[in-house]
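This is what each chain is made of:
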Amino acid sequence: MLDVTRLRVLVAVHRCGSVTAAARSLNYAQPSVSHHLARLEAETGTKLIQRAGRGIRLTDAGRLLAERAAEVIGRLDAAENELAAYTGLRAGRLRLAAFPSALGTIVPAAAAMLREQQPSADLRLTEAEPPEALRMLRAGYVDVALVFRYSADASGTDGPEARDHKDPKAAPAALAALADDEDGGIDITEGLRERLLLEEQVHLVTCAQGSAQGSAQTGAEPPADLSGYARHRWIAGCDRCRANLLRQCALAGFTPKIAFTTDDYVAVQALVAADLGVSTLPALCLRAARHPGIRTVPLPGARRYVFAVRYGDPPDPPAVKMLMDVLRAAAGPADPAAPAPHSPG
């Protein structure tokens, strides 16, 4: 049986990069860290660390054990937190991972509701794109992960996946689409439970005044047909958003010429407003911040779905259940399908 304390030491060395830094993070004496590493090597019968210049580094076996140990320790910590919440030993520490546009819209509203309902709750927030948020959830570093997926059907009619999210019994199938969409091949359905928070429209974003907006002179909306922008430069977002952009443009019959890539939706809008390209953004990004120099128009059939995900069997601890409820309430008032208001032309 591997000693959990020694595994914690190995994980700390892996994360910090040295015995000295690991000792500092654990509040241990440096000789104590070295002793735990030596004992762990004796327990496993495997060389876990090796000299590298004036310091040390983990061997391949050491890195493997450290990565697995991080998952185990994360689950142990999560179990301790959940048990403490049930027995009333802790007022309720909650950890939430969310992608940027959710952190700029849904999360602040939910946090305010949570504080009003339970002032003693301690909410910790981490920014993470869906693949990383799910890894953190599996490892026990967060209690809830907010993730998203785009509709696979962009033809303007609801396909099977677009319908699944409306059926609670079919929700796991809808969430499974995340596993097939540029998330590093993670099987996200095993042990995970999700709740659909909202369905939102994806918008074409163009410059309010400039060459990218052919109808700007007349004050008309930009055309919703992406094929009309086949010769323009494009601005892509995160890996998942970029993949969706490529899909949308492929359905319109062309490959976009991507001139800029940034996962900062504020920067995307600034680049578009400067007439440096066109882009697509979900409604949450436009709710979080909207540049006055852009125009938007909903893209038919292009939608994004936002889920709150938990790990493990029900029931949830009371604090987690409360967090899920306020997230749903915060996502509910705004109509995600409604297009954002156009800026004056």
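Please read all numbers here as calculations on a predicted model, not as lab measurements.

Conventions adopted
- Residues numbered from 1 in each chain as written.
- Predicted model: local features only at pLDDT ≥ 70, side-chain atom pairs only at ≥ 80, totals over all residues.
- Heavy atoms only, no water.
- Helix = DSSP H or I, 4+ residues; strand = E, 2+ residues; numbered from the N terminus.
- Buried < 20%, exposed > 50% of the residue type's maximum accessible area, 1.4 Å probe, protein only.
- Contact = heavy atoms within 4.5 Å.
- 1 Å grid on protein atoms, 1.4 Å probe; cavity = no way out; pocket = protein on both sides within 12 Å on 5 of 7 lines; lining within 4 Å.
- Points joined across faces, edges and corners; volume = space filled by probe spheres on them.
- Nonpolar A, V, L, I, M, F, W, Y, C, P; charged D, E, K, R; others polar.

A separate point is the overall build of the chain. The secondary structure content of the chain amounts to 13 helices and 10 strands. Burial statistics for the chain: of 345 residues in total, 46% are counted as buried. Looking at the chain alone, contacts between residues at least 24 apart form 72% of all its contacts between residues at least 6 apart.

So, on to the layout of surface pockets. In this structure, the largest pocket encloses a volume near 340 Å³. Breaking the lining of the largest pocket down by element, the ones donating at least two residues are α4 (60-87) and α7 (130-139). Partitioning the lining of the largest pocket into residue classes produces 7 nonpolar, no polar and 6 charged.

Next up on the list: the environment of Ala 69. With respect to the helices and strands, Ala 69 occurs in helix α4. Classification of Ala 69 by relative accessible area gives buried; the value is 3%. Each C-alpha atom of the pair Ala 69 and Leu 10 lies 8.3 Å from the other, and the pair is 59 residues apart in sequence. Here Ala 69 is in contact with Leu 7 and Val 11, once residues within four sequence places are set aside.

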